[in-house]
Amino acid sequence: MSKADEVFQRRMDRHHDELRWLYMELYQNDDMFAELCSQLYRFYKERRQKLRNRDEKREQEPDWFKKKNMLGMMLYIDNFAGNLQGMKTKIPYLKRCNVNCVHLMPFLDSPEGRSDGGYAVADFRKVRPDLGSMEDLAEFADACHQQEMNVCMDFVMNHTSEDHEWARRARNGEGEYMSRYFFYDSYDIPAQYERTVPQVFPTTAPGNFTWLPEVGHHVLTTFYPYQWDLNYKNPRVFNEMMYNFLCLANQGMDIIRIDAVPYIWKELGTQCRNLPQVHTIVRMMRMIAEIVCPSVVLLGEVVMEPEKVVPYFGTVEKPECHMLYNVTTMATTWNSVATRDIRLLKQQMDIVNSLPKEYTFLNYLRCHDDIGWGLDFGTLRRWGMEEVSHKRFLNDFFTGKVEGSVSRGELYNDDPVTQDARFCGTTASMCGLESAGFEQDEKKTDDAVRMILMLHAYMLTQSGIPMLYSGDEVGQVNDYTYKEDPKKREDSRYVHRGAFRWELAEYSRDENTVQGKIFHGLNRMEEIRRNLRVFDTDASVYTYDVKDNSILCILRECEGERFFGIFNFNDNPRTAWMKEEGAYRNLMTGEEIELNNVELPGHGFLLIGDVVK
């Protein structure tokens, strides 16, 4: 047996029994399990030696992704660099941004105009032709690895495009392929599903089923009519999707984001969310990765409160996802901006900080998606804020309809019946940079820059992996040109999915420009995070009560070192009522400071280091 085969066998021996037990629990199919195992070996053998070396190195350092120097950026290839070949030329800029994890937004082949931003995949083994090829993807990954950078991609495993080969053959009436989806020749069973399954997009895509007159069947489409849900009760679906997963991993992906994790398993009479079988599938994916490509980590998209997403980490003995999005903290952050009240945010951070340090969250201010107001309305109600009226206030505030609001943006899926909607806009536009520029108001521009920096400083102070959204580092505002494109104008999320403006990147070199102030401010914050022990994963983290509901204070401690992050969510000057003995230093300026009833300007912040010796 070769050394390579010995490595594979060692990994397989470690996981085989549990993998088989879980597989048989779902499928009771020995032949399909045997096929899966043989294919795992094939994909292992096809893995390039560079990637196998990366696997062996990271097996020795399994927590590599938890290091305090991790910084991600999510971007669209076409918006950022045109195509994958262009992406290679932009690596120096990404390095200048201190980014070492590049999250490429969906780039697999998908139908133009019916892709949901790339989340309706027509071919899992093919890059969108205008972006390049699988060879280009592997070359880009290799170029990133040479610069000690990681590549992240989306794996959309809940559904396929209606243009996928399986869907085309199902539409032609081939039973083998119809069984890979949920087809029903009458509305009886779909009607039963509709009684218990919530609608994801009640305005733009009402209902959970789509009628296909050409085949006389209804098909399950949880998201959009052109996205057909896969039937994971069929072992052929699981096996084939795992082969797609491994094919993508073998192109050099380091982090694979599992889209819409809670939706993967469907069961009549339930909400078809968060069912136990989902955890079985994710656990099997984790083991499959550890057998074939152990340098690859799983990022789960689970849109729930932090304490409710915890099951998707699995257990220490039987882990599932390596990391999860801190979704509701993002939404609660913007709620704190609108209300000037950090109580809910503080409560949520206390919950996150009480979780085991093994749990890794990915933190962000903005991303490619809308902001859904999935807040803790049970708590807000006790404070006099009712769900419907409060959501309406938030959307009015961020669209600039509330007096005094500087934010600009647009609503998505605005439902006139429930009066519910989601919000779209870039960080800079939400912080007032767009409205200040329109008014040519220098003071408002300075206020917007200070707010942008405050929110990023707060995000970088949290435990976990910080993720920037491309353009935020140079204060890019909303792009309304999507309304001129008939294929995009119905989807307001494109307002914050505009092409990256490279002239802003040039301006960022000058610290006297708006872009330079933001870029260099972020650079300094990232340097602080990289160099202080208090940002190690074993640090203790608390919120610190400064007796003002507009000011969030975060205390980090590690081996006697202390760090305070103080953030004013009010647009007026406020005082952090605190008294800590000794002299400290402002880490952004190097100046000495006393922590004695600290005054902050509107949307001001302080990053405070140890006592000056």
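Parameters and conventions
Residues numbered from 1 in each chain as written. Predicted model: local features only at pLDDT ≥ 70, side-chain atom pairs only at ≥ 80, totals over all residues. Heavy atoms only, no water. Salt bridge = Lys/Arg side-chain N within 4 Å of Asp/Glu carboxyl O. Helix = DSSP H or I, 4+ residues; strand = E, 2+ residues; numbered from the N terminus. Buried < 20%, exposed > 50% of the residue type's maximum accessible area, 1.4 Å probe, protein only. 1 Å grid on protein atoms, 1.4 Å probe; cavity = no way out; pocket = protein on both sides within 12 Å on 5 of 7 lines; lining within 4 Å. Points joined across faces, edges and corners; volume = space filled by probe spheres on them. Pairing = 2+ DSSP bridges. Axes fitted to C-alpha atoms, helices over the stretch in contact; angles between N-to-C directions. Contact = heavy atoms within 4.5 Å. Parallel < 35°, antiparallel > 145°, perpendicular 65-115°, else oblique. Nonpolar A, V, L, I, M, F, W, Y, C, P; charged D, E, K, R; others polar. Core = buried A, V, L, I, M, F, W, Y, C linked by side-chain atoms within 4.5 Å. Left-handed = near helix turned anticlockwise from the far one by under 90°. Polar contact = N/O pair within 3.5 Å; in protein donor to acceptor, adjacent residues only side chain to side chain.

A look at the pattern of salt bridges
Tallied over the entire structure, the rule returns 58 salt bridges. For the salt bridge of Glu112 with Lys487, the shortest nitrogen-to-oxygen distance reads 3.2 Å. Of this pair, Glu112 sits in the loop between strand S3 (108-109) and strand S4 (123-127) while Lys487 sits in the loop between strand S17 (465-469) and helix H21 (502-507), placing them 375 residues apart in sequence. Judged by its relative accessible area of 63%, Glu112 is exposed. Salt-bridge contacts for Arg493 lead to Asp369; the nearest nitrogen and oxygen are separated by 3.2 Å. Pair noted here: Arg493 is in the loop between S17 and H21 and Asp369 is in the loop between strand S14 (360-364) and helix H16 (377-382), with a separation of 124 residues, a long-range link. According to the relative accessible area criterion, Arg493 is buried, its value standing at 4%. The network of salt bridges with shared partners includes Arg114, Glu162, Asp163, Arg171 and Glu214.

Some remarks on empty space enclosed by the protein
All chains considered together, the criterion is met by nine cavities of 30 Å³ or more. Reported here for the largest cavity is a volume of approximately 340 Å³. In this model, the second largest cavity occupies a volume close to 150 Å³. Taken together, 17 residues make up the lining of the second largest cavity; nearest its centre are Tyr469, Ser470, Gln476, His496 and Gly498.

A closer look at unusual backbone geometry
Leaving glycine aside, a negative phi is the common case for residues, and trans is the common case for peptide bonds. A positive phi angle, close to 60 degrees, is found at Arg340, a residue other than glycine. Mapping Arg340 onto the fold places it in the loop between helix H14 (327-339) and helix H15 (343-354). Phi angles above zero are rare outside glycine, and Gln440 is one such case at about 55 degrees. Within the fold, Gln440 resides in the loop between helix H19 (433-439) and helix H20 (442-461).

Let's talk about the sheet that holds strand S2 (residues 101-104)
Taken together, eight strands build a closed barrel; the order of strands is S1-S2-S5-S11-S12-S13-S14-S17 and the barrel is parallel. Pairs of neighbouring strands in the sheet enclose a mean axial angle of 25 degrees, with direction left out of account. Where strand S13 (residues 323-325) meets S14, three bridges bridge the pair, whose relative direction is parallel. Within S14, the position partnered with Leu324 by the bridge is Phe361. Here H20 sits on the sheet in contact with S14 and S17, set at roughly 150 degrees to S17.

What about the sheet that holds strand S8 (residues 209-212)?
Strand order across the open sheet formed by three strands is S7-S9-S8, with antiparallel pairing between neighbours. The strands lining the two open edges of the sheet, one partner per strand, are strand S7 (183-184) and S8. Relative to strand S9 (residues 217-220), S7 runs antiparallel, the two sharing two bridges. When the sheet's bridge partners are listed, Tyr184 is paired in S9 with His218.

Let's talk about the packing of helix H2 (residues 30-46) against helix H11 (residues 235-249)
Contact pair H2 / H11: the axes reach a minimum separation of 11 Å and the direction vectors enclose 5 degrees. Of the possible angle classes, the one that applies to H2 and H11 is roughly parallel. Two secondary-structure elements touch here, H2 through Met32, Glu35, Leu36, Gln39, Leu40 and Phe43 and H11 through Pro235, Arg236, Phe238, Asn239, Met242, Tyr243, Leu246 and Cys247. Taken together, the residues of the contact of H2 with H11 break down into ten nonpolar, two polar and two charged.

Examining the nonpolar core
In terms of nonpolar packing, the biggest core is built from 183 residues, with Leu104, Tyr232 and Trp334 touching the most fellow members. Apart from residues no more than four positions distant in its own chain, Leu104 is found in contact with Leu75, Ile77, Leu84, Met87, Leu137, Phe140, Val151, Cys152, Met153 and Asp154. By size, the runner-up hydrophobic cluster in this structure holds 16 residues, among which are Val546, Ile566, Leu606 and Ile608.

Topic: the packing of H20 against helix H22 (residues 514-531)
Contact pair H20 / H22: the axes reach a minimum separation of 10 Å and the direction vectors enclose 20 degrees. On the basis of their axis angle, the class for H20 and H22 is roughly parallel. Handedness of the H20/H22 crossing: right-handed. Of the residues in H22, those in contact with Thr445, Asp446, Val449, Ile452, Leu453, His456, Ala457, Leu460 and Thr461 of H20 are Val514, Lys517, Ile518, Gly521, Leu522, Met525, Glu526 and Arg529. Here the residues of the contact of H20 with H22 sort into nine nonpolar, four polar and four charged.

Let's talk about the side chain of Arg180
Its location among the elements puts Arg180 in the loop between helix H9 (175-178) and S7. Side-chain polar atoms of Arg180 contact the side chain of Glu176, separated by 2.6 Å. With residues near it in sequence (within four places) discarded, Arg180 still touches Trp166, Asp229, Leu230, Asn231, Asn234, Arg236, Val237 and Glu240.

Quick word on the pairing of strand S1 (residues 72-75)
Burial along S1 is two-sided: the face carrying Gly72 and Met74 and the face carrying Met73 and Leu75 are both buried. Across three bridges, the pairing between S1 and S17 is parallel. Of the residues in S17, the one forming a bridge with Gly72 is Met467. In this structure, S1 lies alongside S2, joined through four bridges in parallel fashion. Residue Met73 lies in a different strand from S2, and its bridge partner there is Val102.

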